[in-house]
Every structure is written in C-alpha cells, then in structure tokens.
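Structural description and commentary
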Amino acid sequence: MRAPRRNPAGDRANTDRIEVVGSMDRTEALARWLADEARHDTVQELFAGFCKEVVRSGTPVWRASLGLEVLHPEVSGWQHVWTSESLSMREADRATAATSPSYLNSPTRIVDDTEQPFRRRLGAPCPDLPLLEELRLAGGADYIMYPLPFLDRTRTAVISFATRDPEGFDPASLDRLERATRLLSPYLERHVLRRIAVDLLETYVGPRTGQRIIEGRVDRGAVEMIEAAIWFADLRGFTLLSEQSPIPAVLAHLNAWFGIIGDVVGAHGGEVLKFIGDAVLAIFPTSAERDRAAACRQALAAAQEFCRRSEAENVQRAFSGSPPLEHGLALHVGEVAYGNVGASHRLDFTVIGPAVNRASRLLDLAKRLDRPVIVSHALAREVNRPLVDLGRYRLRDVEKPQRVFTLPESDS
C-alpha cells in the first residue's frame, strides 16, 4: 500500500501551531511566577528572578539590561545589567544623562524617540552604536530592545536582551520576549512609581516628613507634639542683592547658601522643613536614640560647621568677585506641634508653636545685634559647651527679657 503523500504546508502549519502553544505555555508559566513569587523588596531581585525564568523557558538570553528613569534632582535613573554570572546596577547623573555620548549613541535613545522596539543582528561591526559593538566583540549575535508599556510614557523605561546563539533570536523567542516584557512591565512600574513618590517627598519636605506623608498622615489639623532643637536662618542683604543682580546670579547665590545649610543640617541628623524666601527652617527632633541634650548638641555642631563652611565659601567668592554669603542664625529648643496645616486641598507639613515663634524673634535679634548666630538660654544650658553670654534682651511679643548667647569668635 502506497504511503500517503506529505503535505509540507500542512506540516509547517502544525509545527507553527505547536510552537505557538509551547510559547503560550511558557508565557503562562512566567505569569504564574510573577503572580506567586515576584514579591521582592528591590528591582534588582525582581529583574534577576525574571531573567532566570526567561532562560528557563528556553529563550537563549545571554545578557539582559533594564533602564528605568526616575524623578530625582540628582539621579536620572537606574541601569541594571544581568548575565548568568552577575547582576550590576548603576545610577545615572541627572545633570549629564540626556547629553552624554553613552545615551545619545545608544539603542535607548532610539527607542525613546520612536517608542518602537529596536533590533539589530551583530554579525557586522556597529560603529554607530558603541554598546552593540562591545557586545559583538564579546560574542553577541543578536540584540533587541523593547519599550516597557508603562502608563506614564514621559520617562525612559526599556528592557533589552542579547544572545550568543549564532542563529540569533528566532520568531518564537522574540514572541516570548515581547510577551514577557508586557508581563513584567506593571511590576516594574509599581517600583518606579513608589521610588518617584518617596524621592519627591524627601526632596520637597524632607525624609522624616516624607515618611509620615507616605504612611497616610495627611489629615488637615492632625499634629503630634514633639520636642526639637529649632534652626532658623536667613540670608542678609538679599533684598539689595535682588535689586542689583540679574535673576540667574541671585539664584546661584541662594543655591550656594541653601546647599551649605542642607549639607550640614543633614550631616548632623537634622531636617530642613522649608525654604521661606531667603530663610530656612530646620529641626533636630528628639527620638528614642536622641534625647533633648543630644539634639541641642547636634544643632549647635551644625551651626559651628555652617559658620566655618560659610567663611571658606566667602574666601572663594572674594577671589571670583562674588558678594559674600552673610547670614543670621537662631537656635532654640522646645515643644512644637508637628503636622498638617493649610487649606482643604493644599496642605503644609510644618512645625508651629511658641518655640517656633521665639526662634523667629531670636533671628530678628541676631539682625539687630549684627551677630551671625544667636543661641537661646534654653538651648545653651543643654549643650555644656563654651558660649558667649550677650545678656538679656526683649523679644517682640515675648513678655520677659530673654538671656541669649552666641558662639565664641573662633567658631563664628
């Protein structure tokens, strides 16, 4: 009996159906893994686990890279690079990320511009894209990058795969990689959105306050009573500077001064609550690890370092012909109400209370006495450090004259 004739077209169709079914099974397995196992604390752990699952599915991935842009004044984003031997991560500097040759001559820029996948076989040299030439020389044969389908498409979010298989990625592998990318995308966007929220809150209101907001303490009028050393500082001669200088010079002057304050306050365990024109309000709150005396000592140490750094900055500014950074600073300690005040749709997380008002009046006194630093008696008696007694002075709206101090000449 003669064997039935083979139908090549039918055989190919059956093969294609088997490959599609196999690809769907692998995609389902990856989806189950993400649903069951992707409860990782970090993007690194999630990405590493995902890459291992992709390889386990039979896709010949040698190297994978993940690029995620965030929203931070100093950091542009993360790049994670995975191979079977290692996982690395680096942060990109926001100031130079968009103009660096490594970005301008990269597949990432192409995908950002087109919002479409980018693929290139690596059989020939790639002088236009140095990264791909580097991968080719390391044995890479094929490369593809996909845009991650985030809801927010305004920032970079890409994932790439490279293989050393001489045949490159076949259609079934590309189908699996695209499906895998879509499955991973919402898990990554969740991490990015949380990072953006935390970074923005820390940037605009400080880490302590930002954590409280993230925890849901957003009820208007909801405050807690805390004890804190209070820093109140302002920049002297700012009005005249603003009248006589162009806006860019004024901003540079402000940023230089605010930068020093932010550095020294943070380094000594304080938190800048707000910039008010040319003034700064910061607190050094007490905690289980820091009692009232320790908070006061750290506030005073920050003031001493601030004075030293301001003096060094003024030496440099004198050489460049820039005006000096002259300041007034008041230090006080007391109980404050820490929480939300404001309108129903526009809240401010701040501190209020008599101790804050008194710090403000001490700042006025520093200007009247032409002193760079004024320390209240309440804070001075906590620090056990040599201070200069200036005597008693009346403060506006404060009933009795107040004894005040300043730093020794060598510290101010």
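Our subject is the structure that appears above.
Quick summary incoming for the structure in this document. (Residues numbered from 1 in each chain as written. Predicted model: local features only at pLDDT ≥ 70, side-chain atom pairs only at ≥ 80, totals over all residues. Heavy atoms only, no water.)

**Comments concerning the sheet that holds strand β6 (residues 157–163)**
On the basis of which strands lie adjacent, the open sheet formed by six strands has the order β3-β2-β1-β6-β5-β4 and antiparallel pairing. The open sheet has two edge strands, β3 (87–93) and β4 (118–121), and neither has a second partner. The sheet shows a mean angle of 10° between the axes of neighbouring strands, taken without regard to direction. Contacts between helix α6 (residues 130–137) and the sheet are confined to β1 (63–69), β4, β5 (142–147) and β6, with β5 contributing the most and set at about 140° to the helix. (Pairing = 2+ DSSP bridges. Helix = DSSP H or I, 4+ residues; strand = E, 2+ residues; numbered from the N terminus. Axes fitted to C-alpha atoms, helices over the stretch in contact; angles between N-to-C directions. Contact = heavy atoms within 4.5 Å.)

**Digging into helix α12 (residues 354–368)**
For α12, spanning 15 residues, the distance from its first C-alpha to its last is 21 Å, which sits close to the expected 21 Å at 1.5 Å a residue. Listed in full, the buried residues belonging to α12 are Ala 355, Val 356, Ala 359, Arg 361, Leu 362, Leu 363, Leu 365 and Ala 366. If you follow the buried residues of α12, they end up packed against β7 (223–235), β10 (327–343), β11 (346–352), β12 (373–376), β13 (388–393) and β14 (402–406). Residue Asp 370 follows α12 closely and has a positive phi angle near 55°. (Expected span 1.5 Å × (residues − 1). Buried < 20%, exposed > 50% of the residue type's maximum accessible area, 1.4 Å probe, protein only.)

**A look at α6**
Among the residues making up α6, those that are buried are Leu 132, Glu 133 and Leu 135. Looking down the long axis of α6, one finds its buried residues gathered within 160° of arc, a one-sided arrangement. Within α6, the exposed residues directed more than 90 degrees away from the buried face are Glu 134 and Leu 137. In this structure, the buried residues of α6 make contact with β1, α5 (107–114), β4, β5 and β6. (Arc of directions from axis to C-beta.)

**Overview of the pairing of strand β8 (residues 271–276)**
Pairing of β8 with strand β9 (residues 279–285) involves five bridges; the strand directions are antiparallel. Counted as the bridge partner of Phe 275 is Val 280 from β9. Between β8 and the antiparallel strand that follows it, β9, lie two residues; Gly 277 among them carries a positive phi value of about 65°.

**Some words on unusual backbone geometry**
Phi is positive for Asp 370, close to 55°, though the residue is something other than glycine. Mapped onto the secondary structure, Asp 370 falls in the loop between α12 and β12. Here the phi dihedral of Asp 397 falls at roughly 70°; this positive angle occurs in a residue that is not glycine. Mapped onto the elements, Asp 397 comes out in the loop between β13 and β14. The class of Asp 397 is exposed, set by a relative accessible area of 67%.

**Notes on the packing of helix α7 (residues 171–205) against helix α8 (residues 207–214)**
The geometry of α7 relative to α8 is characterised by a closest axis approach of 7 Å and an angle of 135° between their N-to-C directions. As the angle between them shows, α7 and α8 are arranged oblique. Taken as a pair, α7 and α8 cross one another with a handedness that is right-handed. Contacts between α7 and α8 pair Arg 194, Ala 197, Val 198, Leu 201, Glu 202 and Val 205 from the former with Pro 207, Thr 209, Gly 210, Ile 213 and Ile 214 from the latter. In terms of residue class, the contact of α7 with α8 is made up of seven nonpolar, two polar and two charged. (Parallel < 35°, antiparallel > 145°, perpendicular 65-115°, else oblique. Left-handed = near helix turned anticlockwise from the far one by under 90°. Nonpolar A, V, L, I, M, F, W, Y, C, P; charged D, E, K, R; others polar.)

**Quick word on the packing of aromatic side chains**
For the coordinates displayed, the defined rule picks out six aromatic pairs. Judged by centre distance (5.6 Å) and plane angle (45°), the ring pair of Trp 257 and Phe 258 falls under tilted. With a centroid separation of 4.4 Å and an interplanar angle of 40°, the aromatic rings of Phe 258 and Phe 275 are classed as tilted. Of this pair, Phe 258 sits in helix α10 (residues 247–267) while Phe 275 sits in strand β8, placing them 17 residues apart in sequence. By relative accessible area, which is 46% here, Phe 275 ends up partly exposed. Taken together, the ring pairs in this structure connect Trp 231, Trp 257, Phe 258, Phe 275 and Phe 306 into an aromatic cluster. (Phe/Tyr/Trp six-rings, centres within 6.5 Å; stacked < 30°, edge-to-face > 60°.)

**Things to note about the side chain of Thr 209**
Positionally, Thr 209 belongs in helix α8. Excluding residues within four positions of it along the chain, Thr 209 makes contact with Glu 271, Leu 273, Tyr 338 and Phe 349.

**Observations concerning the pattern of salt bridges**
Where charged atoms from two side chains of opposite charge come close, those side chains can pair. Tallied over the full model, the rule gives 22 salt bridges. Taking the shortest distance from any N to any O, the salt bridge between Arg 309 and Asp 263 comes out at 3.5 Å. Taken as a pair, Arg 309 in helix α11 (residues 292–320) and Asp 263 in helix α10 lie far apart in primary sequence, 46 residues in all. Asp 389 is the salt-bridge partner of Arg 403, the closest N and O atoms lying 2.7 Å from each other. Pair noted here: Arg 403 is in strand β14 and Asp 389 is in strand β13, with a separation of 14 residues, a long-range link. Given the relative accessible area of 37%, Asp 389 is considered partly exposed. Taken together, the shared-partner salt bridges in this structure form one network comprising Arg 361, Asp 364, Arg 396 and Asp 397. (Salt bridge = Lys/Arg side-chain N within 4 Å of Asp/Glu carboxyl O.)

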